[in-house]
Amino acid sequence: QIMSQVEGQQKNLVQAIEALPSSGPLSALDQDLLLLKATSAATLSCLGECLTLLQQSMHQVGQHHNRTLSSEGILGWPGPKSHSTEQLKNGALSSLSSASANITWAIVPSAAQDGQALQPNTEVSMLASELILVEDEVTDTEDNEEEDLGVMDDQRSVILHLISQLKLGMDLTRVVLPTFILEKRSLLEMYANFMAHPDLFLSIAAGATPEERIICFVEYYLTAFHEGRKGAVAKKPYNPIIGETFHCSWDVPKDKVKAFRTNGASAVSKDPTKEFGQDQSTCYKLRFVAEQVSHHPPVSCFYCECKEKKMCVNAHVWTKSKFMGMSIGVSMVGEGVLYLMEHEEEYVFTLPSAYARSILTIPWVELGGKVNINCARTGYSATVTFHTKPFYGGKVHRVTAEVKHNPTNTIVCKAQGEWNGTLEFTYSNGETKVIDTNKLPVIRKKIRPIAKQGPLESRHLWQHVTNSLKEGNIDAATEHKHRLEERQRAEERQRVALTTPWKPKYFAKEGDGWLYLNPLWKT
């Protein structure tokens, strides 16, 4: 009854605010009033959830009244049946931390579908991949650095107005977020940037034993997020258009790909004046392709291979975003598989969630949740935990990991540190190794110039939005983004009318996942 009264009062408050004029000394868009609207709605949602939890607890107490109830039992947290916490398919427990408009991970992305342009009704043959000419690729000179998103007063009004329309736990997939929070790259390119240390990736296959190989995989995995996520800057990559693709490659000097525990050389401070050699005969070639295969839900796939090292990785990721009060959370549902053909090993791995915090001041991103890496053939597995910052005290960006040989229940390696800072690895023989992610050399990807890209390749597709953002022209960026969204919707309506399902170019649905059509293990 009290909650009903409060809900009525809050509704009256909202109506009173919205009845105010749109301009003048006291307007409906006044920052303080918008904040009052947003916080009152979030508070009411939280109170409603708390009431539900208390009722559940009292019901449980009633059912177990014959038991001796400890104070811990009475105050037990059965876990909300709602949106605040959600057990994800990939095992990552999306905690009620925060996450801002990135707002994905950038590990994440995806709160709003930034539009989805569609491929023309022409059949693309399987040979389409052959049209991507490696000779046309040049070393990427794009500076992907992003400035911190310090929210200006006018931007804060936009965010407050948006927040006032949302409900706690609301799925943001169809909510259009303001353009000023976008970073200047597509989510598909962000996945490619997780390969910024391809020397560590290729070193996995150089491990002499299953134990060494999974430890090398964990070392690579923990160092991948720093460059891919661009630190903790809380901006959101463009949500890819359905049919959008991204192609690139890396030339990895062979002398940089070292066997286990000698690859510590990669961890030494880089010399910015010294470029890696590009002589093809002294380099491994690592190729990457990503494609947006679905619009609702938004599913991205990527595939990366090195023929010479007989290894490849195939992954599909569905980004789910939730509004969580003054923050936004993005879950990465799906999994990837690393194939080491020479050893006949497959490593299945999942991805962490991302949380954007402080969305009304200076937003920043952190990763959270538990992810798993598992090789059924060898019996080795690893658990990696990205720790979200406690409400009071505690460090940010903390990560811990443990590698275990399951048949003998033996822990063979432990790691701790920050995913965008220093990581310390301790091995079963007592040896230790420290990797500073900020000092790892970055091998720049090679990509064809926009003039030689197809219309649905990421940089070609988003070039006008990107250029407008670089010029600081948010209105023009918003207009170009809107055109893409409208084209997407029109073509989607046309497909529905013709009952023509979308057919991806490079990936095919298989079970719950997606597989690259021409993977290394088939050839």
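All values derive from a computational prediction rather than experimental measurement.

Peer 1: I keep staring at the pattern of salt bridges and nothing clicks. Help me out?
Peer 2: Oppositely charged side chains are able to pair whenever their charged atoms sit close together. A complete count under the given rule lists 12 salt bridges for this structure. Lys446 is paired through a salt bridge with Asp251; the nearest N and O atoms lie 3.2 Å apart. Of the two residues, Lys446 is situated in strand β19 (residues 446-447) and Asp251 in strand β6 (residues 245-253); the sequence distance between them amounts to 195 residues. The pair Lys446 / Asp251 is uniform in exposure class, with both members buried.

Peer 1: How should I be thinking about the packing of helix α9 (residues 463-470) against helix α10 (residues 474-497) in this particular structure?
Peer 2: Helix packing for two helices is described by the angle between their axes and how far apart those axes are. Relative to each other, α9 and α10 sit at 170°, their axes nearing to 8 Å. By the criterion of interaxial angle, the relationship of α9 to α10 is roughly antiparallel. Residues His464, Val465, Ser468 and Leu469 of α9 pack against Ile474, Ala476, Ala477, His480 and Lys481 of α10. Residues belonging to the contact of α9 with α10 are distributed by class as follows: five nonpolar, three polar and one charged.

Peer 1: Sorry, what's going on with the environment of Arg448 here?
Peer 2: Tracing the chain through its elements places Arg448 in the loop between β19 and α8 (458-461). Its relative accessible area of 6% is what places Arg448 among the buried residues. A polar atom in the side chain of Arg448 sits 2.4 Å from the side chain of Glu457.

Peer 1: Please explain the nonpolar core as it appears in this structure.
Peer 2: Burial of nonpolar side chains together is a common tendency in soluble globular proteins. Counting 69 residues, the largest nonpolar core has Phe201, Trp250 and Phe288 as its most contacted members. Of all the elements, helix α7 (residues 210-229) adds the most residues to this core, at 10 residues. Other than its neighbours up to four places away in sequence, Trp250 contacts Ala192, Met195, Pro198, Tyr284, Lys285, Leu286, Phe288, Cys304, Ile443, Arg444 and Lys445. One finds Val289, Tyr339, Tyr506 and Leu520 within the second-largest nonpolar core, a separate group that totals 13 residues.

Peer 1: Would you take a moment to explain the pairing of strand β21 (residues 513-516) for this structure?
Peer 2: The side chains of a regular strand alternate, residue by residue, between the two faces of the sheet. Inspection of the sheet shows strand β20 (residues 507-510) paired to β21 by four bridges, in the antiparallel sense. Counted as the bridge partner of Phe507 is Tyr516 from β21. Hairpin remark: β20 followed by β21, antiparallel, with two residues in the connecting loop; positive phi at Gly511, about 65°.

Peer 1: Looking at this structure, how should I read the packing of aromatic side chains?
Peer 2: Centre distance and the angle of the planes are the two values used to describe a pair of aromatic rings. Tallied over the entire structure, the rule returns 17 aromatic pairs. Centre to centre, the rings of Phe217 and Tyr347 are 5.9 Å apart; their planes meet at 85°, and the pair counts as edge-to-face. Of this pair, Phe217 sits in helix α7 while Tyr347 is found in strand β11 (residues 345-349), placing the two residues 130 residues apart along the sequence. Tyr347 sits in the buried class, given a relative accessible area of 0%. Aromatic side chains Tyr221 and Phe349 sit 6.3 Å apart centroid to centroid with 75° between the ring planes, which places their arrangement in the edge-to-face category. Here Tyr221, found in helix α7, pairs with Phe349, found in strand β11; they are 128 residues apart in sequence, far enough to count as distant. By relative accessible area, Tyr221 is classed as buried at 3%. Taking relative accessible area as the criterion, Phe349 reaches 7% and is therefore assigned buried. Grouped by ring-pair contacts, the aromatic residues Tyr191, Phe194, Phe217, Tyr221, Phe225, Phe246, Trp250, Phe288, Phe302, Tyr347, Phe349 and Phe386 constitute a single cluster. Looking at Lys254, its charged tip hangs above the ring of Tyr284, at a distance of 5.3 Å from the centre. The ring of Trp318 is capped by Lys320, whose NZ or CZ atom sits 5.0 Å from the centre of that ring.

What counts and how
Residues numbered from 1 in each chain as written. Predicted model: local features only at pLDDT ≥ 70, side-chain atom pairs only at ≥ 80, totals over all residues. Heavy atoms only, no water. Salt bridge = Lys/Arg side-chain N within 4 Å of Asp/Glu carboxyl O. Helix = DSSP H or I, 4+ residues; strand = E, 2+ residues; numbered from the N terminus. Buried < 20%, exposed > 50% of the residue type's maximum accessible area, 1.4 Å probe, protein only. Axes fitted to C-alpha atoms, helices over the stretch in contact; angles between N-to-C directions. Parallel < 35°, antiparallel > 145°, perpendicular 65-115°, else oblique. Contact = heavy atoms within 4.5 Å. Nonpolar A, V, L, I, M, F, W, Y, C, P; charged D, E, K, R; others polar. Polar contact = N/O pair within 3.5 Å; in protein donor to acceptor, adjacent residues only side chain to side chain. Core = buried A, V, L, I, M, F, W, Y, C linked by side-chain atoms within 4.5 Å. Pairing = 2+ DSSP bridges. Phe/Tyr/Trp six-rings, centres within 6.5 Å; stacked < 30°, edge-to-face > 60°. Lys NZ or Arg CZ within 6 Å of the ring centre and 35° of its normal.

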